[in-house]
Amino acid sequence: MNTIAIERDWVVTIADGDPGTLRALNSQMRRIDLFCKLVGPLVIAFVDGASTTVAVFAVLGMTAGSVFVEYFTIQAVYLTVPALQSTNQPPDSSAGQPSNSINSVRNQLHAVGSTLAFYFTHSAFLPSFSLALLYFTVLSFSGQMVAYLLAIGLDSPQIGLLRLLSTVLELSATCLAPVVMNKIGPVRAGIWFVNWQIICVVTAVGLLWTDVRPLYASIALVAGVIASRVGLWGFDLSAQIIVQEEVEPDHRGSFSALEASFQNAFELLAFASTIVFPKPEQFRYPAVISAAAVASAGVLYALFVRQRRGHLLHASPCLTGKKFKVRSRLEGGAGWRELPQWDEEESRSQERQNLPSEASGVGRT
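The structure displayed is predicted, hence computed values, not measured ones. (Residues numbered from 1 in each chain as written. Predicted model: local features only at pLDDT ≥ 70, side-chain atom pairs only at ≥ 80, totals over all residues. Heavy atoms only, no water.)

The number of helices and strands found in the protein is 12 helices and 2 strands. The secondary structure elements of the protein, listed N-terminal to C-terminal, are α-α-α-α-α-α-α-α-α-α-α-β-β-α. Burial status across the protein gives 34% buried among its 365 residues. Entry remark: accessible area of the protein is about 21,400 Å², with carbon and sulfur atoms responsible for 63%. (Helix = DSSP H or I, 4+ residues; strand = E, 2+ residues; numbered from the N terminus. Buried < 20%, exposed > 50% of the residue type's maximum accessible area, 1.4 Å probe, protein only. Areas by Shrake-Rupley, 256 points an atom, 1.4 Å probe, with all protein chains shown as cover.)

If you want it as structure tokens, here you go:
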């Protein structure tokens, strides 16, 4: 609840309608999150190497101590931004009505149904659901893939170095994504990032189904997963911006909560895939399911881009049949002038009127 409230609602309120500030806040928060997920396990791993008991109490101490830090920082932000203190809420239609267990259940079901209908019919549904679908994967440095890497012969230090490299690329995505979105917008940035992820993941998984030696195929799989992290977090930030900007403030919390529910459901399905295929030699089956999920997310987001922009790629004017602008040399060769639109007869007529004859030695268009 805290994550949904702050990452999806508070940041929008703090940005106060400034797209640049919103993108910077999202990127900085994601950067802090990834950095902590890198440093935390590494520190605990070193402590655990000395004493497991000390590591357990270290985790206990950090967890208990972080509660006070979170309370203090959340309160500080809340008091600093007056807009967060607004208490405007829609009236409760059930107030003053007699309640019983049947009515309560009926009201809850009606609320859930209304939230689902709102989510599936909203203009931001496709990017939101595409992002949730990416959680249906075993191709990340989580428990499933780490277990597979250990089974094929890698040791913990090697996996730690690979995870470090992956996190470095993930952090680079949080720096790259705002730059790309500022240049081409979050919608176009999202399609570029998700396409990069698809290329990396599908290529890496495809090698698992070839005659390449298992060790080489596994190395290629790890390399593809690491490279795909740039696309993953770049798309994550792009889709998050779209949801934050388009979902109405009164529904932003419920919309984001439902999105988080789908993310958790797909993550459970990813774990279920390794329950069905538990052996290391069967890892390619969950891997191909993960690749299919990434490709499906790309297709759904492409539909959103097609609906929003009317096209996916910028086609050349000569392919679309549209007129295009050309330039002709000014009299005396002193520069160029631009004709409004290409029209062969009109262009020749203008040249006959404005340019000297060929005998004067001036080059033609």
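The contact between helix 1 (residues 2–15) and helix 2 (residues 19–50) brings their axes to 9 Å, and the two run at 140°. Seen from above, helix 1 lies across helix 2 with right-handed handedness. Touching Ile-6, Glu-7, Val-11, Val-12, Ile-14 and Ala-15 of helix 1 are Thr-21, Leu-22, Leu-25, Asn-26, Met-29 and Arg-30, all from helix 2. Here the contact of helix 1 with helix 2 is built from residues that sort into 8 nonpolar, 2 polar and 2 charged. (Axes fitted to C-alpha atoms, helices over the stretch in contact; angles between N-to-C directions. Left-handed = near helix turned anticlockwise from the far one by under 90°. Contact = heavy atoms within 4.5 Å. Nonpolar A, V, L, I, M, F, W, Y, C, P; charged D, E, K, R; others polar.)

For helix 10 (residues 284–309), built from 26 residues, the straight-helix expectation of 38 Å at 1.5 Å per residue is met to within 8% by its first-to-last C-alpha distance of 37 Å. For helix 10, the secondary structure elements touched by its buried residues are helix 5 (125–133), helix 7 (156–207), helix 8 (214–246) and helix 9 (252–276). With its phi angle positive at about 85°, Gly-310 sits one or two positions after the end of helix 10. (Expected span 1.5 Å × (residues − 1).)

Tallied over the full model, the rule gives 17 aromatic pairs. Seen from their ring centres, Phe-235 and Tyr-301 are 5.0 Å apart, and the 90° between their planes marks the pair as edge-to-face. Here the residue Phe-235 occupies a position in helix 8, and Tyr-301 occupies one in helix 10, the gap between them amounting to 66 residues. Accessibility expressed as a relative area gives 0% for Phe-235, which makes it buried. One aromatic cluster is present, built from ring pairs that chain together Phe-118, Tyr-119, Phe-120, Phe-125, Phe-129, Phe-136, Phe-255, Phe-262 and Phe-266. The lysine or arginine in question, Arg-284, covers the ring of Trp-209, its NZ or CZ lying 4.2 Å from the ring centre. (Phe/Tyr/Trp six-rings, centres within 6.5 Å; stacked < 30°, edge-to-face > 60°. Lys NZ or Arg CZ within 6 Å of the ring centre and 35° of its normal.)

Within this structure, the stated rule accounts for 7 salt bridges. Residue Arg-8 is joined to Glu-259 by a salt bridge in which the shortest nitrogen-to-oxygen separation is 2.8 Å. In this pair, Arg-8 sits in helix 1 while Glu-259 sits in helix 9, placing the two residues 251 residues apart along the sequence. Here Arg-8 matches Glu-259 in class, with each residue buried. Its salt-bridge partner being Lys-37, residue Asp-33 comes within 3.4 Å of it at the nearest N-O pair. Highlighted residues: Asp-33 and Lys-37, both in helix 2, separated by 4 residues, approximately one helical turn. (Salt bridge = Lys/Arg side-chain N within 4 Å of Asp/Glu carboxyl O.)

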